[in-house]
Structure formats: C-alpha cells, structure tokens
Amino acid sequence: MSNLEYINSFSPNLFWDVDSSTLSMDDHSRFIIQRVMEYGQMRDWRLIYRYYGLDKIVEECKQIRTLDPVCLSFITTISHTNKEDYRCYHFRQSFPTLWNS
C-alpha cells in the first residue's frame, strides 16, 4: 500500500483537524501513533502495527510527552515494558493534580 492509501485507511475522526493529504507515515510517525493510540479503533491499531511493527510503536510511545493512562497500560502490557521507561509517565508525575493525589 502507498502512503496515501495507508492514511486514507484510518478512521476519519483521527485526523479531523489536519490536512491528511500532507501526512506521511514516515515523517509523522509519532503523531500518527499517538492519535491511533488515544482515539483509534482496533482496525487503526492493526494498520500501524502492520506498517511500523511493535518495536517502532514502543520506541515512539516512549518519547510521547502525554499519553492517556489507559493507552500507556495497553502498550506496556503488550510489549512487556515498564511504565517508568515512558516519558509520559514521568511528565504526568511532575504535575500532580488535587483529584489525582
């Protein structure tokens, strides 16, 4: 599949705020992975898994500054990695809120 075919295969709600024709699976991998992790459906997950592979997804997720706690648990469970290895885990700990204390 070409780059444009991959982008057009994702759920339309993932990239509602950007021009999807300007996205590149290689140049915008972190952005695409984060959107799929947080807002995608299982078929979107399968698309990124098929394109990037688990190692690349984990590598990019480790660098994401903010990632939903459910997404973090999902990626750590399927990749058998520690939450402490992810930037979003430490970033969240740096800014505790009153209701999450």
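Residues numbered from 1 in each chain as written. Predicted model: local features only at pLDDT ≥ 70, side-chain atom pairs only at ≥ 80, totals over all residues. Heavy atoms only, no water.

A. Looking closely at the packing of aromatic side chains. Taken as a whole and judged by the stated rule, the model has six aromatic pairs. Here the aromatic rings of Tyr 6 and Tyr 51 are separated by 4.8 Å at their centres, their planes lie at 70°, and the arrangement is edge-to-face. Pair noted here: Tyr 6 is in helix H1 (residues 3-9) and Tyr 51 is in helix H3 (residues 42-52), with a separation of 45 residues, a long-range link. Relative accessible area serves as the criterion here: at 8%, Tyr 6 is assigned to the buried category. In this structure an aromatic cluster arises from ring pairing among Tyr 6, Tyr 51 and Tyr 52. Over the aromatic face of Tyr 86 sits the side chain of Lys 62, whose NZ or CZ is 6.0 Å from the ring centroid. (Phe/Tyr/Trp six-rings, centres within 6.5 Å; stacked < 30°, edge-to-face > 60°. Helix = DSSP H or I, 4+ residues; strand = E, 2+ residues; numbered from the N terminus. Buried < 20%, exposed > 50% of the residue type's maximum accessible area, 1.4 Å probe, protein only. Lys NZ or Arg CZ within 6 Å of the ring centre and 35° of its normal.)

B. Structural detail: helix H5 (residues 69-79). Taken together, the buried positions of H5 are Cys 71, Leu 72, Ile 75, Thr 76 and Ser 79. All buried residues of H5 project into a common sector of 125° when viewed along the axis, lining one side. Facing away from the buried surface of H5 by more than 90 degrees, the exposed residues are Val 70 and Thr 77. N-cap assignment for H5: the residue whose side-chain oxygen lies 3.1 Å from the backbone N of Val 70 is Asp 68. Of the residues trailing H5, His 80 is marked for its positive phi of about 55°. (Arc of directions from axis to C-beta. Polar contact = N/O pair within 3.5 Å; in protein donor to acceptor, adjacent residues only side chain to side chain.)

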